[in-house]
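Okay, here's what each chain looks like letter by letter:
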Amino acid sequence: MSYNVVVLASGAGSLFQSLLLHQTNYRISALITDTPKALAIEIAKANKVSVEVCDVKAFTTRLQWNEALLKCIETYSPDLVVSAGFMKILGESVIEAFSGRLINIHPSLLPAFPGAHAVRDALLSGATITGTTVHYVDAGIDTGNIITQREVEIVSGDSVQTLHERIKVVERSLIVEVVESFAKGAVQ
Ligand code: GRF
């Protein structure tokens, strides 16, 4: 039985695509998104991966959305859930259900620059080094235990876009390395 991974993503899905391209020690069983127009959906369809859209707008309360998301993830019985550009804060029940098996990748060297504008905030701070962090998801915003980090240099003339793209180049291989380590049982 191969190691079963579910990916949560809201946007372009380039990290999801990288994970799809490197499925040797693991298999991605589903992409779950909160965004009906996420480009990641097209990537999933092109690769014949199941897609689930769990749009918060379709629910009366955030709690109902979270419960639906939990059921949706559970349907696939994943060994690991990877949040790769999922732009919603996960609720308590999802975090508890997948404790130790739910990871996120964030484009800064946490604990520096948590939140949705990590790349912009690093650039505005005048830092010369930023990077990316893979961490467990806990109830805080980007506060879970750190699994690994990689540095990325900020160069003069960088914009949010150029810097984020350089960070994403690093992230596309880092996330594969981390998921492979989980699949081999090297991360507990
Ligand atoms: C990555 O920078 C990741 O760290 C952040 O969202 C971005 C996802 O990029 N959480 P993409 O949608 O996979 O291209």
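Along each chain, the written sequence defines residue order, and numbers are assigned to residues from 1. Residue-level local features of this predicted model are given only where pLDDT is at least 70; pairs of side-chain atoms are given and counted only at 80 or more, and the full residue set underlies all totals for whole chains, interfaces and linings. In computing side-chain values, all of the structure's heavy atoms are included and hydrogens and water are not.

Draft legend 1. Structural detail: unusual backbone geometry. Here L110 and P111 are connected by a cis peptide whose omega angle stands at 15°. Backbone geometry at K48 places phi at a positive 55°, although glycine is not the residue there. With a 1.4 Å probe rolled over the protein chains alone, any residue whose accessible area is under 20% of its type maximum counts as buried; one over 50% counts as exposed, and the rest are partly exposed. Given a relative accessible area of 76%, K48 falls into the exposed group. For S77, which is not glycine, the phi dihedral falls at a positive 45°. The residue S77 is located in the loop between α3 (62-75) and β4 (80-83) in this model. A run of H or I in DSSP counts as a helix once it spans at least four residues, and a run of E counts as a strand once it spans at least two, with each numbered from the N terminus.

Draft legend 2. Looking closely at helix α6 (residues 160-183). By this rule, a helix spans an expected 1.5 Å times one less than how many residues it contains. The end-to-end C-alpha distance of α6, which contains 24 residues, comes to 33 Å, matching closely the 34 Å that a straight helix rising 1.5 Å per residue would cover. In α6, a bend of some 25° at E171 exceeds every other bend along the element. Every buried residue of α6 is listed here: L163, I167, K168, E171, L174, I175, V176, V178, V179, E180 and F182. Positive phi shows up at G185, right after α6, with a value of about 80°. The bend at a residue is defined as the angle formed between two axes, one fitted to the seven residues ending at that residue and one fitted to the seven starting there.

Draft legend 3. Structural context of the packing of helix α5 (residues 118-125) against α6. The interhelical angle for the contact between α5 and α6, taken along N-to-C directions, is 115°, at an axis separation of 9 Å. As α5 packs across α6, the resulting crossing turns out to be right-handed. Contacts between α5 and α6 pair V119, R120 and L123 from the former with V160, L163, H164 and I167 from the latter. Classification convention: Asp, Glu, Lys, Arg as charged; Ala, Val, Leu, Ile, Met, Phe, Trp, Tyr, Cys, Pro as nonpolar; all other residues, Gly among them, as polar. Residues that form the contact of α5 with α6 fall into these classes: five nonpolar, one polar and one charged. Under this scheme, a helix contributes an axis fitted over its contacting stretch, all axes are lines through C-alpha atoms, and angles between N-to-C directions fall in the 0 to 180 degree range. Crossings are sorted by hand: turned counterclockwise from the far helix by less than a right angle, the near helix makes the crossing left-handed, and turned clockwise it makes it right-handed. Contacts were defined at the residue level, with two residues in contact if any of their heavy atoms lie within 4.5 Å.

Draft legend 4. View of the site of the ligand. Taken together, A12, G13, S14, L15, G85, I105, H106, P107, H164, K168 and E171 make up the full set of residues near the ligand. For this analysis, a polar contact is any N or O atom pair within 3.5 Å, provided that within protein one partner can donate a hydrogen and the other can accept it, and provided that sequence-adjacent residues contribute only side-chain to side-chain pairs. Note that an oxygen atom of the ligand is positioned 2.9 Å from one of the backbone N or O atoms of L15. Per-residue and other accessible areas follow the Shrake-Rupley method at a 1.4 Å probe size, with only the shown protein chains counted as cover for residues. For the ligand, whose free accessible area comes to 370 Å², the fraction covered by protein is 91%. Of all the secondary-structure elements, those providing two or more residues to the shell around the ligand are α1 (14-21), β5 (102-106) and α6. Per-element accounting of the shell around the ligand gives the leading share, three residues, to α6. Taken together, the residues of the shell around the ligand sort by class into four nonpolar, five polar and two charged. We call a residue near a given molecule or strand whenever any one of its heavy atoms falls within 4 Å of it.

Draft legend 5. Seen up close, the side chain of E180. You can see E180 is positioned in helix α6. Buried and without a salt bridge, E180 has K184 as its closest oppositely charged side chain, separated by 4.7 Å. Every residue in contact with E180, bar those within four places of it in the chain, is listed here: H22, N25 and Y26. Neither His nor the chain ends contribute to the count of charged residues, in which Lys and Arg are positive and Asp and Glu negative. By convention in these notes, a salt bridge is any Lys or Arg side-chain nitrogen within 4 Å of a carboxyl oxygen on Asp or Glu.

Draft legend 6. Here's a closer look at the pattern of salt bridges. Counted by the stated rule, this structure contains five salt bridges. In this structure, K88 engages D34 in a salt bridge whose closest nitrogen and oxygen atoms are separated by 2.9 Å. Taken together, the residues K88 in the loop between β4 and α4 (92-97) and D34 in the loop between β2 (26-33) and α2 (39-46) connect sequence positions 54 residues apart. Where E177 meets R150, a salt bridge forms, and the shortest distance between an N and an O atom there is 2.9 Å. On the criterion of sequence distance, the pair formed by E177 in helix α6 and R150 in strand β7 (residues 146-153) is long-range, its members being 27 residues apart.

Draft legend 7. Expanded view of the sheet that holds β5. The seven strands lie next to each other as β3-β2-β1-β4-β5-β6-β7, forming an open sheet whose pairing is mixed. The sheet is open, and its two edges are formed by β3 (50-53) and β7, each paired on a single side. Direction aside, the axes of adjacent strands within the sheet are offset by 20° on average. Sheet topology note: the strand β1 (residues 3-8)/β2 ladder contains six bridges and is parallel. Note that in β2 the partner of L8 across the bridge is I32. Sitting on the sheet, α1 touches β1, β2, β4 and β5, and the angle it makes with β2 is about 155°. Packing of α6 onto the sheet brings it into contact with β1, β2, β4, β5, β6 (129-136) and β7, and relative to β7 it is tilted by some 155°. DSSP calls a pair of strands paired once it identifies at least 2 bridges connecting them.

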